[in-house]
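Below, each chain spelled out in residue letters.
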Amino acid sequence: MLSSNIKARRTLLENKLLDLQKRIEELRGKANMELAEEDLEEAATRVSDTELAEAMLDKDLKLARTIKSALKRIDEGTYGLCRVCGQPIPARRLEALPWAELCVKDQQESEKGEYRQVAFR
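Below is a summary of the structure that appears in this document. (Residues numbered from 1 in each chain as written. Predicted model: local features only at pLDDT ≥ 70, side-chain atom pairs only at ≥ 80, totals over all residues. Heavy atoms only, no water.)

### A word on the overall build of the protein chain
Let me state the cut-off plainly: Helix numbering and strand numbering both begin at the N terminus, where a helix is a DSSP run of H or I of at least 4 residues and a strand a DSSP run of E of at least 2. Exposed residues in this analysis have more than 50% of their type's maximum accessible area, buried residues have under 20%, and partly exposed residues fall in between, with area computed by a 1.4 Å probe over protein chains only. Every residue pair with non-hydrogen atoms within 4.5 Å of one another is taken to be in contact. Areas reported as accessible are Shrake-Rupley estimates using a 1.4 Å probe. Residue values count occlusion only from the protein chains shown.
Across its full length, the protein chain holds four helices and zero strands. The N-to-C order of helical and strand elements in the protein chain reads α-α-α-α. Across the 121 residues in the protein chain, those meeting the buried criterion constitute 27%. Pairs at least 24 residues apart make up 52% of the contacts formed inside the protein chain by residues separated by at least 6 positions. Here the protein chain has roughly 8800 Å² of accessible surface; of this, 52% comes from carbon and sulfur atoms.

What follows is the structure, given as C-alpha cells:
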C-alpha cells in the first residue's frame, strides 16, 4: 500500500508528465515548421525560433523520461532511494525535485563527471 505522501508525489508526477506531453506536442509542431518563401530577415528569425523550439523539445523529452522513470520506481517500491548508493534521498530534495534519482552527493559527483567529459573533448 502506498503512503499518502507517495500517492501525492505520484499525482504530482503524473500531472507534470501530462503538462510536458502537451508542451512537447506544441514544440514538435514549431520545430517541424517549414520555411515558407519570405524575406531573409524573416527566414533567419524563423530558423532561430525553430532551433529554440528544438532545444526546448529536447529538454522536455529528457524530463519526461526522468518522470516516467520516477513513476516506475514508485511502482517498484524503490522511489526515494538513490540509484547509485541506495540510501534514502532527503525529503527536502524530493519536495523540490520529485523526480530526483540521486542523493545530493551522488548528483554532485555525476555532474563533476559530466564536466570532466566535456573538458577533455
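Picking up where we left off.
### Some remarks on the nonpolar core
Keep this limit in mind: Here, nonpolar core means buried Ala, Val, Leu, Ile, Met, Phe, Trp, Tyr and Cys residues that are tied together by side-chain atoms lying within 4.5 Å of each other.
Core analysis: the largest hydrophobic core is formed by 21 residues, its most contacted members being Leu13, Ile67, Leu71, Ile74 and Tyr79. Top contributing element to this core by residue count: helix α2 (residues 40–76), with seven residues.

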